[in-house]
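# Secondary and tertiary structure notes
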Amino acid sequence: MKKYYLFFKLRFAAGVQYRMASITALTTQLIWGLMECLVYKVIAETYGEYLPMNYTSIVAYIWLKEAFLVLFNTWNTDKDIFGMIMNGDVAYELCRPFSVYSMWFSRSVGGRISEALLRCFPVLLCAFLMPKPYKMSLPVSGGAFGLFLLTTILGMGITVAFCTLVYMLCFFTISPKGWKMVLVGAVDFLSGNIIPLPFFPASVLKIVEWLPFAYMQNVPFRIYCGDMVGEEMFLAVFKQVFWLIVLIGLGVLLWKRVENRIVVQGG
Amino acid sequence: MGIKKTVTLYCKYASICVRSLMQYKVSFVLMIVARFIISFGEFLAITFLFSGFEEIKGYTYSDILLCFAVIQISFVLAEVFGEGFQVFSGTVKRGEFDRMLLRPCSLILQVIGTKFEIERTGPLITAGIMLWIGIRSSQIQWNVLTIWTLIAMIVGGTLLFIGLFMLGASFCFYFIEDTSLLNVLTYGAKTHGKYPIDVYGKGIMGFCTYIIPYTLIQYYPLQYLLGKTTQWQFAFYPVGIIIFLIACYMVWRIGVRNYRSCGS
């Protein structure tokens with residue numbers, strides 16, 4: 001276990017290096033969030049009571065999305081790993097006496113958490129200091145906050161497991177960039193990153209809820225703002241655990257297949 | 001160098017880029033499909049959002065689609081032609097810009113000639129669908145002036161985005177590193193420009209008119225196109241982008257003058 005912890009620490013330290021980039025990212029995210037809030041504000045002014053989420057919840061959802069962007073995004077996958085698969089350095093990884101799957105998994109988790117910790121506090125601070133209609137709200141209750149933290153970790157686990165699965169798929173094709181983007185585009189939409197899932201029509205939502213993507217950022221953010229409560233909430237946590245196990249299991253199985261037929265490209 | 005020669009040279013550059021992309025056909029097709037899926041998701045998002053209500057600040061579903069389609073087409077075209085500016089920090093870092101300075105040929109031509117990204121055209125499929133829906137269900141009176149307005153919005157938008165890319169590239173002369181500071185202005189405008197700018201309120205309206213003139217290619221001509229105003233002069237506002245483009249070119253020129261090589 002210790003060696004995986006060290007991979008986590010290494011990636012964490014590397015992530016802390018880029019400060020200037022963080023400042024640029026912060027401004028971008030604040031503007032992004034604010035623009036989204038402005039649109040929903042106009043919508044809420046006219047159709048307030050008909051919306052599937054109330055306005056304060058939407059604002060909280062948007063700011064959480066910005067603050068924890070790096071935890072849940074699927075497009076900013078670990079570039080090192082993609083590079084290794086493409087240029088053949090993956091051969092070195094195979095020489096190490098570790099499980100490659102666990103190594104990549106822990107490395108991704110480390111990279112994401114280090115970046116998220118750096119980025120979430122400034123964004124959240126600014127979001128709490130925003131003027132009234134765009135102000136971030138506190139979690140609805142202490143219990144909700146606790147569950148929010150738990151489901152965030154579970155949701156991130158699902159995201160990382162999914163991304164690692166995509167890395168594995170890259171061994172079966174020489175042009176991974178295209179496949180990655182196809183999957184990322186679909187996931188971005190299905191996980192509620194473009195519009196929150198409650199805004200989906202009921203019939204579509206029913207299908208989407210069968211997919212693992214609905215259990216990434218959708219669950220923690222909606223628990224935080226009190227949009228997901230009671231039975232639905234506990235069922236969602238249960239489904240998160242289920243998908244986490246399934247996706248990790250699939251990844252490990254796929255890795256076994258990769259290991260048997262691996263052809264290293266490049267040198 | 002004459003215009004004819006410049007155009008032939010650019011076509012040569014473009015054909016080389018296209019041929020090099022065609023070496024990886026699967027990757028090429030996948031990239032187009034991927035970008036199409038991403039943009040289609042955004043289209044679906046608007047559709048889903050509008051399943052719950054009728055209009056945003058007086059704009060109907062089809063109005064928004066029309067607006068989004070125009071911005072998307074502009075942005076894609078700008079990316080296809082202006083990608084050379086987007087990757088300019090790499091050009092400077094590797095010292096390739098020094099080589100360009102030595103050639104007896106326009107610098108801008110060489111910079112935009114380094115990339116011709118037809119694999120970015122995937123979103124055009126979505127934009128086509130949105131434009132079709134938008135035009136079919138709108139009450140636009142089609143005549144020479146409205147057709148001109150639509151085309152002027154797209155061309156003006158393309159030039160505006162290329163101008164922003166050029167501005168971003170000019171910063172590379174000073175910072176070397178890719179600052180990505182201007183991404184808010186380019187990607188941000190692409191994402192948030194799907195709604196007419198007045199939705200965002202007065203402050204944003206002001207910024208988008210006097211600092212970066214987005215309203216010239218989006219809000220004002222759109223008002224005329226959708227028949228919300230009878231002021232025909234709005235149809236000619238996109239022409240104003242030329243002034244913005246000249247301003248960007250000035251910044252670029254200052255950047256080139258102050259350029260110090262850093263590559264090896």
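Residues numbered from 1 in each chain as written. Chains lettered and ligands numbered in written order. Predicted model: local features only at pLDDT ≥ 70, side-chain atom pairs only at ≥ 80, totals over all residues.

Looking only at helices and strands, chain A features twelve helices and zero strands. For chain A, the C-alpha radius of gyration of 19 Å lies close to 18 Å, the compact-globule estimate for 267 residues. Counting only C-alpha atoms, chain A reaches 60 × 45 × 35 Å along its principal axes. The buried share among the 267 residues of chain A stands at 42%. Within chain A, counting contacts between residues at least 6 apart in sequence, those at least 24 apart form 81% of the total. (Helix = DSSP H or I, 4+ residues; strand = E, 2+ residues; numbered from the N terminus. Rg over C-alpha atoms; globule rule 2.2 N^0.38 Å. Buried ≥ 20, exposed ≤ 12 C-beta atoms within 10 Å, placed from the backbone. Contact = placed C-beta atoms within 7 Å.)

Bringing the overall build of chain B into the picture now. When its secondary structure is counted, chain B shows 13 helices and two strands. Computed over its C-alpha atoms, the radius of gyration of chain B comes to 19 Å, within 12% of the 18 Å expected for a compact globule of 264 residues. With respect to the three principal axes, the spread of C-alpha positions in chain B is 60 × 40 × 35 Å. Within the span of chain B, comprising 264 residues, buried residues form 42% of the whole. Here the contacts in chain B between residues at least 6 apart in sequence split such that 79% fall between residues at least 24 apart.

Looking now at the nonpolar core. Ranked by size, the top nonpolar core spans 132 residues in total, and within it A:Ile158 and B:Ala69 carry the most contacts. A:Ile158 has contacts with A:Pro212, A:Tyr215, A:Met216, A:Gln240, A:Trp243, A:Leu244 and A:Leu247, leaving out every residue within four places of it along the chain. (Core = buried A, V, L, I, M, F, W, Y, C linked by C-beta atoms within 7 Å.)

Now for helix H3 (residues 61–86) of chain B. All names here are of chain B. A rise of 1.5 Å per residue sets the reference length of H3, with its 26 residues, at 38 Å; its end C-alpha atoms lie only 33 Å apart and thus fall more than 12% short of the reference. The sharpest bend along H3 reaches about 60 degrees and sits at Val80. With 21 of 26 residues buried, H3 lies mostly within the body of the structure. (Expected span 1.5 Å × (residues − 1). Bend = angle between axes of the 7 residues up to and from the residue.)

A word on the packing of helix H8 (residues 142–169) of chain A against helix H12 (residues 230–261) of chain A. All names here are of chain A. Orientation of H8 relative to H12, taken along the N-to-C sense of each, is 25 degrees, at an axis distance of 9 Å. Taken together, H8 and H12 sit at an angle that is classed as roughly parallel. As H8 runs across H12, the sense of the crossing is left-handed. (Axes fitted to C-alpha atoms, helices over the stretch in contact; angles between N-to-C directions. Parallel < 35°, antiparallel > 145°, perpendicular 65-115°, else oblique. Left-handed = near helix turned anticlockwise from the far one by under 90°.)

Across chain B, pLDDT averages 90, with 97% of residues at or above 70. Interface predicted TM-score (ipTM) for the complex: 0.87; the corresponding pTM is 0.88. (pLDDT = per-residue confidence, 0-100.)

What follows covers unusual backbone geometry. Residues and elements named next belong to chain B. A positive phi angle is found at Lys57, which is not glycine, with a value near 45 degrees. In this fold, Lys57 is placed in the loop between strand S1 (55–56) and strand S2 (59–60). With 15 C-beta atoms packed within 10 Å, Lys57 lands in the partly exposed category.

With that out of the way, let us pick up the interface of chain B and chain A. Facing the 31 residues of chain B at the interface are 29 residues of chain A. Looking at the side of chain B that touches chain A, the elements that each hand over two or more residues are helix H2 (25–49) and helix H9 (183–192) of chain B.

When you line up the elements, A:Met35 lands in helix H2 (residues 19–47). Once the C-alpha coordinates of A:Met35 and A:Thr74 are considered, the two residues, 39 residues apart in sequence, prove to be 22 Å apart. Apart from the residues lying within four places of it in its own chain, the contact partners of A:Met35 are B:His192 and B:Tyr200.

Bringing the packing of helix H8 (residues 144–175) of chain B against helix H13 (residues 241–257) of chain B into the picture now. All names here are of chain B. Packing of H8 against H13 brings their axes to within 9 Å, and their N-to-C directions diverge by 15 degrees. In terms of orientation, H8 and H13 fall into the roughly parallel class. In this structure, H8 crosses over H13, and the sense of that crossing is left-handed. Within the contact between the two elements, H8 uses Gly156, Leu159, Leu160, Gly163, Met166, Leu167, Ser170 and Phe173 and H13 uses Ile241, Phe244, Leu245, Cys248, Val251, Trp252 and Gly255. Across the contact of H8 with H13, the residue classes break down as eleven nonpolar, four polar and no charged. (Nonpolar A, V, L, I, M, F, W, Y, C, P; charged D, E, K, R; others polar.)

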